Amino acid sequence: MDQLATVVHRTPIMKSATTNALVGKHVYFKMENQQKTGAFKFRGASYKLMQLSDEQLGRGVIAASAGNHAQGVANAAAKLNARATIFMPEKTPAAKVNATRAYGAEVVLTGESFQEAYEASMKRQMQTGAEYIHPFDDYDVMAGQGTIATEMLQQEDRIDTIIVPVGGGGLISGVATAAKHKNPYVKVIGVQAAGASAMYKSYCHRQVTRLDKVSTIAEGIAVKKPGERTLPLIRNYVDDIVTVSDEEIAAATVYMLERNKTLLEGAGAAALAALFAHNSNIKSEHCGIIVSGGNMDISTLPMFQQLASKHHHSA
C-alpha cells in the first residue's frame, strides 16, 4: 500500500464541536471529498491499475460509471499513461462528463441507466480485450479503498466505530477488512439509502436481494444488487447495516454546508445522516464518519434544501 501513498492524498480528519455536542460523542470526519477527483474512488482505481502489467496497461482500461468511479479511473489511467474508455448513461450531468474527459478519457454516453452503460461497456471489453475496472466487485479495488481505514486509525487511534456509506460494497469491504486487521475491536456500520437498500436486505435476510429499481438522491450508492465478492466480506466483517431516508440525507448535507462550510454529495452525507438518525443505538465514544465524496451537482441544491426542510431535525 506504500506505493499508493505517493499517488493519493492522505485526506484530513475534521472535527466539529457542534456535532460532538449534538450527538454526545467525539466525531471524526474522514474528508474523502477532498481526495483527488473529489471522492474516494480514486484510491481503488489507482491501486487496481498499479497491479496491472505494462502489457495489460497497453491494452487500455475500460469502466462504466455514472459518477465518481469514472473520474477516478480516468485520472488513475492518465497518471500511468494508459488509455481509458468510460461508458456513462446518457443523462449523466455534463459536469461529470466534462470532468472525466478532462482527465483524458474517452467517454461513451449510452443507455438510460448505469445498467445499460455497464452492459455496453462489457460488450466493448470483449471486442478490445481492454482491462475491465469494476467500481466495487474487485479485490484490488477494495484493497485500495481500505487505505482509508488504515489512515483513519493512524490519524486518530481512539476511533472505536466507523460509519460507512454502502452501494455495491467496495468501500465498506475494504474499510472493514483493513480496520479489523488493525484493531479487531473497531465496529464497522454500513449505511444505505432506504430507496436503494439491496445490500441492507441481503445482509439482514441471508439471501441475495436484487432490486428492480432504485430511487435516492444519493446516486453514488444507488446500486441494484450487492457485489458477489463484497457481500461475503461484509457478512464476515461488518457489524451492522442501517438505512436512512432521502430527507435525512438532505438534512445532513445542508447541516454540513451551513455548520461546517463543507460540500458533500448525497452519498457522502449518508454516514452522518445515519449517526443523527440512529445515534441512540450507536454505542461509541470516538466515532469515525467516512465522507465519501463531494461531487454534488450544484443545480440539485434547492431540491436538497426542500427535502431537508421536511425533516425536522434536533439540529
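Please read all numbers here as calculations on a predicted model, not as lab measurements. (Residues numbered from 1 in each chain as written. Predicted model: local features only at pLDDT ≥ 70, side-chain atom pairs only at ≥ 80, totals over all residues. Heavy atoms only, no water.)

**Topic: the overall build of the chain**
In step 1: A tally of regular secondary structure across the chain gives 14 helices and 10 strands.
In step 2: Its C-alpha atoms put the chain at 55 × 40 × 40 Å along the principal axes.
In step 3: Every one of the 315 residues in the chain was classed for burial, and the buried ones make up 57%.
In step 4: Across the chain, every contact between residues at least 6 apart in sequence was considered, and the portion connecting residues at least 24 apart equals 72%. (Helix = DSSP H or I, 4+ residues; strand = E, 2+ residues; numbered from the N terminus. Buried < 20%, exposed > 50% of the residue type's maximum accessible area, 1.4 Å probe, protein only. Contact = heavy atoms within 4.5 Å.)

**Details of the pattern of salt bridges**
In step 1: As enumerated under the stated definition, the model contains 11 salt bridges in all.
In step 2: A salt bridge links K30 to E151, with the shortest nitrogen-to-oxygen separation between them at 2.7 Å. One end of the pair, K30, is in strand β2 (residues 26-31); the other, E151, is in helix α8 (residues 139-155), with 121 residues separating them in the sequence.
In step 3: K48 is paired through a salt bridge with D140; the nearest N and O atoms lie 4.0 Å apart. Of this pair, K48 sits in helix α3 (residues 41-50) while D140 sits in helix α8; the two residues are 92 residues apart in sequence, bridging distant segments of the chain.
In step 4: Given a relative accessible area of 10%, K48 falls into the buried group.
In step 5: A network of salt bridges, in which partner residues are shared, links K30, E32, R43 and E151. (Salt bridge = Lys/Arg side-chain N within 4 Å of Asp/Glu carboxyl O.)

**Re the packing of aromatic side chains**
Aromatic ring pairs are defined here through the distance separating the ring centres and the angle between the ring planes.
In step 1: Throughout the structure, instances matching the rule amount to 2 aromatic pairs.
In step 2: Their ring planes at 90° and their centres at 6.0 Å tell us that Y118 and Y132 sit as a pair that is edge-to-face. Here Y132 lies in strand β6 (residues 131-132) and Y118 lies in helix α7 (residues 114-128), a separation of 14 residues in the sequence.
In step 3: Assessed through its relative accessible area of 15%, Y132 is described here as buried.
In step 4: Ring geometry for Y255 against F276: centres 5.1 Å apart, planes inclined by 85°, an arrangement best described as edge-to-face. Taken together, the positions of Y255 in helix α12 (residues 246-260) and F276 in helix α13 (residues 266-278) put the pair 21 residues apart, joining distant regions of the chain.
In step 5: With a relative accessible area of 17%, F276 lands in the buried category. (Phe/Tyr/Trp six-rings, centres within 6.5 Å; stacked < 30°, edge-to-face > 60°.)

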